[in-house]
Amino acid sequence: MAEYTTQMDAARKGIITEQMKIVAEKEFMPVEKLRELVAEGKVAICANKLHKSLDPEGVGSMLRTKINVNLGVSRDCKDYDIEMQKVMSAVNLGAEAIMDLSSHGNTQPFRQKLTSECPAMIGTVPVYDSVIHYQRDLSELTAKDFVDVVRLHAQDGVDFVTLHCGITRKTIDQIKKHKRKMNIVSRGGSLVFAWMSMTGEENPFYEYYDEILDICEEYVLPQDGKRFFTISNMKQDAKIEWDGQEVDFAYTESIFIPADCSKVTVKGKTRILLSFVK
C-alpha cells in the first residue's frame with residue numbers, strides 16, 4: 001500500500017518522492033528545501049499518477065517561471081495530428097505545460113493522446129467539455145454532470161484543471177447589482193454563470209467542492225479558481241464570500257496554497273496589476 005496519496009501528502013510526511021528529486025535537480029535546489037516548499041503549499045508538482053509519459057516540473061515560489069501553451073481541437077481546426085504536431089513543437093521549444101482547450105467534437109481521444117505521449121504537464125478546463133461530452137443543452141446538465149466531467153479528465157491523466165469555483169449565487173447577485181465596465185470574458189466563467197442563471201442553482205464547483213477535492217487527491221491534481229476582467233472589475237469583484245468568510249480573491253498572491261482539510265494544492269489568482277510586478 002502506498003505511504004502517501006499526493007506530493008503534498010508525501011512532503012508533509014517527510015517523504016521525498018522521485019518527482020521531487022527530478023524537480024529539485026532541474027531547479028538546482030536541495031531536495032529537502034523543495035520538500036519543505038511542497039509541504040507548505042508554496043510549490044506544486046503537477047503529476048497525475050496516470051500520466052505515464054510525464055517529465056515532472058514544479059510550479060510556484062522560488063522556482064523558474066514555467067511556459068504554458070494553449071491549444072486544442074476546435075471547429076476551425078479538427079485535425080488531431082496537426083494539434084499534436086503543435087504540442088510537440090511547443091515542448092521542443094521549451095514549453096513545460098500544455099493547456100488543452102479543446103471545444104469541438106469528441107475531445108477524449110486527443111486528451112488521452114496527450115497524456116500518453118506528451119512529457120509536459122497537461123491541463124484542461126472541464127467545463128468546456130461538459131456540453132460536448134453529454135451532447136445536451138447547457139440548461140439540461142445537472143450539477144453531477146459537471147463534477148463527473150472533472151473525474152473523467154482526471155481519469156484521462158491530466159495534471160491540473162481550471163475550475164470556476166469562485167462564482168456563487170451571491171457573486172451573481174453582486175455582478176447584476178453593480179454596473180460593470182466589461183462583462184465576463186472568461187469562457188468557462190460565462191458557461192457557469194449562464195448555467196446558474198438558467199437553473200437558479202448554486203455553482204456545482206462550489207457546492208460540491210469537497211467531492212472535487214477528493215477527486216483531485218485521488219488522481220493528484222492541483223486546481224485553480226476565478227479570473228478577473230478589467231482593473232475596474234478586479235477592484236469591484238475583489239471580495240467574495242467563501243464558506244461563510246469574506247475572501248479577497250483579487251489580490252491573492254500568485255502562489256499555491258494548501259486547501260483546508262486536504263492534501264491538494266489550490267492555486268490563487270495569477271492576473272495581477274502591472275504595477276505590482278517588481
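Residues numbered from 1 in each chain as written. Predicted model: local features only at pLDDT ≥ 70, side-chain atom pairs only at ≥ 80, totals over all residues. Heavy atoms only, no water.

Chemist: Account for the pattern of salt bridges, naming residues and giving values.
Modeler: By the definition in use, this model includes 18 salt bridges. The shortest N-O distance in the salt bridge between Glu27 and Lys66 comes to 2.8 Å. Residue Glu27 is found in the loop between α2 (18-26) and α3 (31-40), and its partner Lys66 is found in the loop between β2 (58-60) and β3 (68-71); the two are separated by 39 residues along the sequence. For the pair Glu27 and Lys66, one class covers both residues: buried. Residues Asp145 and Arg136 are paired through a salt bridge, measuring 2.4 Å at the closest nitrogen-oxygen approach. (Salt bridge = Lys/Arg side-chain N within 4 Å of Asp/Glu carboxyl O. Helix = DSSP H or I, 4+ residues; strand = E, 2+ residues; numbered from the N terminus. Buried < 20%, exposed > 50% of the residue type's maximum accessible area, 1.4 Å probe, protein only.)

Chemist: Could you give an account of the packing of aromatic side chains, naming the residues involved and the relevant values?
Modeler: Under the defined criterion, the tally for this structure stands at three aromatic pairs. With a centroid separation of 6.1 Å and an interplanar angle of 10°, the aromatic rings of Tyr80 and Phe110 are classed as stacked. You can see Tyr80 sitting in helix α4 (residues 80-92) and its partner Phe110 sitting in helix α5 (residues 108-117), a full 30 residues away along the chain. You can call Phe110 buried: its relative accessible area is 0%. (Phe/Tyr/Trp six-rings, centres within 6.5 Å; stacked < 30°, edge-to-face > 60°.)

Chemist: Requested: an account of the packing of α2 against α3, with residues and values cited.
Modeler: Running from amino to carboxyl end, α2 crosses α3 at an angle of 115°, the nearest separation of the two axes being 9 Å. Judged by the inter-axis angle, α2 sits roughly perpendicular to α3. As for how α2 packs across α3, the hand of that crossing is right-handed. From α2, Met20, Lys21, Val23 and Ala24 reach across to α3, where they touch Val31, Leu34 and Arg35. Class assignment of the residues belonging to the contact of α2 with α3 gives a composition of five nonpolar, no polar and two charged. (Axes fitted to C-alpha atoms, helices over the stretch in contact; angles between N-to-C directions. Parallel < 35°, antiparallel > 145°, perpendicular 65-115°, else oblique. Left-handed = near helix turned anticlockwise from the far one by under 90°. Contact = heavy atoms within 4.5 Å. Nonpolar A, V, L, I, M, F, W, Y, C, P; charged D, E, K, R; others polar.)

Chemist: Tell me about the environment of Ile67, residues and numbers included.
Modeler: Mapped onto the secondary structure, Ile67 falls in the loop between β2 and β3. For the pair formed by Ile67 and Val91, sequence separation is 24 residues and the distance between their alpha carbons is 9.5 Å. Those residues in contact with Ile67, other than ones at most four positions away along the chain, are Gly94, Ala95, Glu96 and Ala97.

Chemist: Go over the pairing of strand β4 (residues 97-100), please, and point to the residues and values.
Modeler: Side chains of β4 alternate between two faces, with Ala97 and Met99 and Ile98 and Asp100 buried alike. Of the strand pairs in this sheet, β3 and β4 are connected by four bridges, and their pairing is parallel. Following the sheet pairing, Val69 is matched in β4 by Ile98. In terms of handedness, the path from β3 via α4 over to β4 forms a crossover that is right-handed. One ladder, built from four bridges, connects β4 with strand β5 (residues 121-124); its direction is parallel. Bridging from a neighbouring strand, Met99 pairs with Gly123 of β5. Once the chain exits β4 it traverses α5 before rejoining the sheet at β5, and the crossover so formed is right-handed. (Pairing = 2+ DSSP bridges. Right-handed = clockwise from strand over helix to strand, strands pointing away.)

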